[in-house]
Amino acid sequence: MKTDQLIDMLSTNVDPVKTVAIRKTLSLALLIGGSAAFCLMLGTVGLRRELSWSWNFLALKLLFTVSLIGLGTALLAKLARPGQKNAKLSALTLLPFIVIVLAGSIALASHTPMAWGKMLLGMNWFTCLFCIPLFAVLPFVALIWFLRKGAPTELKLTGAIAGLVAGALGATAYAFHCPDDSIPFIAVWYGAMVALCASIGSMLGPRLLRW
Amino acid sequence: MDVTSSESELRALMLAASTGDASAYRTLLERLSSQLRAFFKNKLVLMNRGAVEAEDLVQEALFAIHTHRHTYDPSQPFTAWVYAIARYKLVDFLRRTKYSTRNVPVDESEELTARDNYAGVESSLDLDRLLETLTPKVKRVIQYVKLDGLSVSEAANRCGMSESAVKVSVHRGLKSLALQISKEGRP
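Positions within a chain are numbered from 1, following the residues in the order the chain's sequence is written. To read the labels, note that chains go from A and ligands from 1, taken in the order they are written. Whole-chain, interface and lining totals are the exception, using all residues; otherwise, since this is a predicted model, local features are given only for residues with pLDDT of at least 70 and side-chain atom pairs are given and counted only at 80 or more. The basis for the side-chain values is all heavy atoms of the structure; hydrogens and waters are excluded.

**Points about the overall build of chain B**
Stage number 1. The helix and strand tally for chain B stands at 8 helices and 0 strands.
Stage number 2. Counting from the amino terminus, chain B carries its helices and strands in the arrangement α-α-α-α-α-α-α-α.
Stage number 3. When each of the 187 residues of chain B is scored for burial, the buried share is 50%.
Stage number 4. We call two residues in contact when some of their heavy atoms are within 4.5 Å. For chain B, restricting intrachain contacts to residue pairs at least 6 apart in sequence, the fraction spanning at least 24 positions comes to 68%.
Stage number 5. As presented, chain B carries roughly 8600 Å² of accessible surface, and 51% of it is formed by carbon and sulfur atoms. Numbering of helices and strands runs from the N terminus; a helix is a DSSP stretch of H or I covering at least four residues, while a strand is a stretch of E covering at least two. When accessible area is computed with a 1.4 Å probe and restricted to protein chains, residues below 20% of their type maximum are described as buried, those above 50% as exposed, and intermediate ones as partly exposed. The Shrake-Rupley method, run with a 1.4 Å probe sphere, supplies the accessible areas, and residue values consider only the shown protein chains as cover.

Structure below.
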């Protein structure tokens, strides 16, 4: 086929472009994915028992996960379109990890090494290990659905950020169950599980997002 | 035509085209095709690849630009958008034809400024064969609206479909042609 033929074809009866509200679709994906993760949490491990709520630690957990969701979402809105620069924002997503690891180290340093084991492992590290990636699955599906409506050109990075946001949504849901109140616990288990989701996302990205 | 199209010119054409201005869209695609040709030839020559493959990529990129027009944000530079699509299609092409992508320069400041108007080469894409991959209904609609140039309402009459159904079929058909092209692993 000659390129002129193709140009003829594409420019014949050309429709006006329907601008897709990228932000609207993204918010919808977040809302659906987030509620799905929350319902899954309610249906499996359930809310933390009422008497033992610690609002400070819940707020701290949410501060970590929600800041990741915010940064990641802003980045996804850019990555869904070709040619938008985003190096600064990509680097910024590391900030919540750095802050929580620093805070965790400070908390450890202010206790005797005898207490470290309990602070790091808590009561429930195994449930956390299992639940965060599980709760991240549905948000990840929703985010991939959103991204496929766009045209991401950096598939590994886009997949990684989708995994990161999905992992952070999963961790947000888990925080409402999580009975472990220690900063090192959040740093190690929340941090590692969200990072794991991001690395799985970066592996799946090139397969799921190709166009 | 020999003057390098500036960002603002191309952007203006794109904005006009997105309101449905067919002649602006044709001019835009013509200019982009010569810039894309120079871009792909320049990259492929380093890897001992020929003009036919460059033409394949020009057409694949034009198709991608067309089916993903909605992802262009008018507040952003237009050439950066085109370049990102061109580079993505190049990397994808090299990967599926099993070439190392290590040699593809990632120079961010690179612009699509060089032009190559030699459009005599035919790509290895065969439109008739591509059309065969569509369902008969969609194929007929594409034939009427995009190849024979019938208006949407005429095509709707002939096919016994509503106008919006014709538009949806055209849209789906072009998307599936674009997908078909990017699936082909041409060695």
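Structure's up, so let's keep going.
**Here's the deal with the domain arrangement of chain B**
Residue and element names in this part refer to chain B.
Stage number 1. As annotated, the domain borders come from an automatic or database domain assignment. The domain architecture assigned to chain B consists of domain 1 (1–109) and domain 2 (125–187).
Stage number 2. Across the contact, 12 residues belong to domain 1 and 11 residues belong to domain 2.
Stage number 3. Summed over both partners, the accessible area lost on bringing two parts together, with a 1.4 Å probe, is the buried area. For the pairing of domain 1 and domain 2, the buried interface totals around 1100 Å² over both sides, and the portion due to carbon and sulfur atoms is 60%.
Stage number 4. Think of a salt bridge as a Lys or Arg side-chain nitrogen and an Asp or Glu carboxyl oxygen that are within 4 Å of each other. At the junction of domain 1 with domain 2, the criterion picks out 0 salt bridges.
Stage number 5. Mapped onto the side of domain 1 that touches domain 2, the elements with two or more residues apiece are helix 3 (51–67) and helix 4 (78–96).
Stage number 6. Looking at the side of domain 1 that touches domain 2 element by element, the count peaks at 7 residues for helix 3.

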